[in-house]
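# What the coordinates show
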Amino acid sequence: MRAPAQSNDARPLSLSALARGRGFGRTLDRVFGWTTAVSGSLVLVILAFMVLTTTNTALPVFTSEGISFVTGTEWLPSRGVYGILPFIYGTLVTSTIAVVIAVPISVGVSLYLTELAPSWMKGPIAYAVDLLAAVPSVVYGLWGVFVLLPLFLQPAAEALSSVFGFLPIFKGPATGLSYFGAGVVLAIMIIPIISALAREVFKAVPADDRLAAYALGATRWEMIREAVIPRSRPGLVGATMLGLGRALGETIAVALLVGSSTKISASIVQPGYSMAAIIANQFQEADEQGIRALVGIGVVLFAITILINMAARLFVWRLVAER
Amino acid sequence: MTEPVFSVNHLNVSYGGNLALKDVCLDIHPREITAIIGPSGCGKSTFIRCLNRMNDLVPGAQVEGQVMYHGEDIYGADIDPVTVRRRIGMVFQRPNPFPKSIYDNVAFGPRINGFKGDLDELVERSLRRAALWDEVKNKMRKSALALSGGQQQRLCIARAIAVEPDVILMDEPASALDPIATVRIEDLMQELKQEYSIVIVTHNMQQAARVSDKTAFLYTEVDEESMSRWGILVEYGPTGGIFTKPLDKRTEDYVSGRFG
């Protein structure tokens, strides 16, 4: 026997009728879509606007100096000579020192917090590390000059120079107000950033990986070395890059500690300058051409940051692709 | 009667003060497959994790009683859990190869254990024993994560074998695999039991009946007053007996599919 045909009113609502019933929700959905799209594009607009206006301001200096703007080693605003290589060099050197010091410490802090620390200690330490990120950089700078310089930077610079002085990069006369001094304070400033990210990266390692390593007779150290670290490598590179980005652009703390010498020095325990620091220090007394040159430094700094970020991205892609 | 590999005496396990397993006593014999069956939450995994001290890694876990391994209490004061795990391998429910090459996965254990010998030969031998060699011999440097689930699980078995353990613990090794991959793992277990003692946790009764020599049935006991529950060992014996002539009513109900 066949089932009787269904009557009309028992049919489900048609699709168009369903859509009509939800008009308000659909309007909201569209408004929401537009709002987020505008916010998203706003970032691009602001960025493009900044790049265009700064490049435009600096253009006269770019054209008059040519390539020697970035390759020149002489910075003599009074004579209209603008070579910024010493500052590019200083930015790269201080940031490198910062990363070299900060990455191992941050990895250590994060491993301790995720793998080793008893649970009652995890909260307070993680909180303290995060708090370090909230300290204004001028405070780091002043603390660096008045506390860390006599207490650690000066003696450490002298010690480095007296032990390794035969190497050009540690050649004396050593001073704490130097690439080294700025790099150490920068390291302290970027540790919270790197370690906060590294902590998340380590936490994301699957519990299965840890168990597998333990079940094969790994000690805790072997488990971390063989299971946690390899999984975390791309994430750690990303964390390092974020810290490096902060170090490249940091201004006040570096301005206070780098020693303010416009000459390039191969020795990291001698004074130098960084790009952001010279902008901050000389902006007030610069003439019109000088201001254009300082804005030009900003443009170059921006370009360097982008280049480094792109290189990092490529590197992470390669790491992930290798799996 | 051979010497047992494991002799478990009055084993109690609790997590943060809550009893999970109560007064388990059983002997596990060499070159046999011992299946642990029972409904969810009866403490099967808890039990198997006591046999290689994996429970040490769970915060708040407490183990009482004796787990004698060749006459030595693995929970003894002078026993290092790392050494225990080097003798007693483990395979987990979800295949968990490291994000490394196939070769490096198998070589992991020997390397951390300071293996001094022909590593290539050991890796090949382990993969052969795990019935995976023919499928991977041309892509040893490729990532293990590119293998299928069943291949990954056999790789995990090869990885466990490479440490040259004497017991292999398997915690529901086929529950994440398709039927064909499951059959391959079961066949492999029959091969492996020529050389190893195997303890397998499974909630698949047919699997226990197919592969094991002895079966232990664990069941959840409930305290009506406090509503707390824990696992107990109800019955343990040759697999044929457990499935055809169970002595306990609860075993009979479980294996006949009346609950669980």
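See the structure printed just above.
Read on for an overview of the structure. (Residues numbered from 1 in each chain as written. Chains lettered and ligands numbered in written order. Predicted model: local features only at pLDDT ≥ 70, side-chain atom pairs only at ≥ 80, totals over all residues. Heavy atoms only, no water.)

Across its full length, chain B carries ten helices and ten strands. In terms of C-alpha radius of gyration, chain B reaches 19 Å, essentially the compact-globule figure of 18 Å for 260 residues. The principal-axis extent of the C-alpha atoms belonging to chain B is close to 60 × 40 × 35 Å. With 260 residues in all, chain B has 56% of them scored as buried. Across chain B, contacts joining residues at least 24 apart in sequence account for 69% of those joining residues at least 6 apart. Approximately 11500 Å² of chain B is accessible, and the part contributed by carbon and sulfur atoms is 48%. On chain B, the mean spot of the 30 positive side-chain charges and the mean spot of the 35 negative ones are 7 Å from each other. (Helix = DSSP H or I, 4+ residues; strand = E, 2+ residues; numbered from the N terminus. Rg over C-alpha atoms; globule rule 2.2 N^0.38 Å. Buried < 20%, exposed > 50% of the residue type's maximum accessible area, 1.4 Å probe, protein only. Contact = heavy atoms within 4.5 Å. Areas by Shrake-Rupley, 256 points an atom, 1.4 Å probe, with all protein chains shown as cover. Lys, Arg positive; Asp, Glu negative; His and termini not counted. Charge placed at Lys NZ, Arg CZ, Asp CG, Glu CD.)

With that out of the way, let us pick up the overall build of chain A. A tally of helices and strands in chain A yields twelve helices and two strands. Along chain A, helices (α) and strands (β) appear in the sequence α-α-α-β-β-α-α-α-α-α-α-α-α-α when read from the amino end. Computed over its C-alpha atoms, the radius of gyration of chain A comes to 27 Å, more than 25% above the 20 Å expected for a compact globule of 323 residues. Dimensions along the principal axes, computed over C-alpha positions, put chain A at roughly 105 × 60 × 35 Å. Counting over 323 residues, chain A shows a buried share of 40%. Taking the intrachain contacts of chain A between residues at least 6 apart in sequence as the baseline, contacts between residues at least 24 apart amount to 72%. Only carbon and sulfur atoms are counted for the fraction: they give 70% of the accessible area of chain A, which is about 17500 Å².

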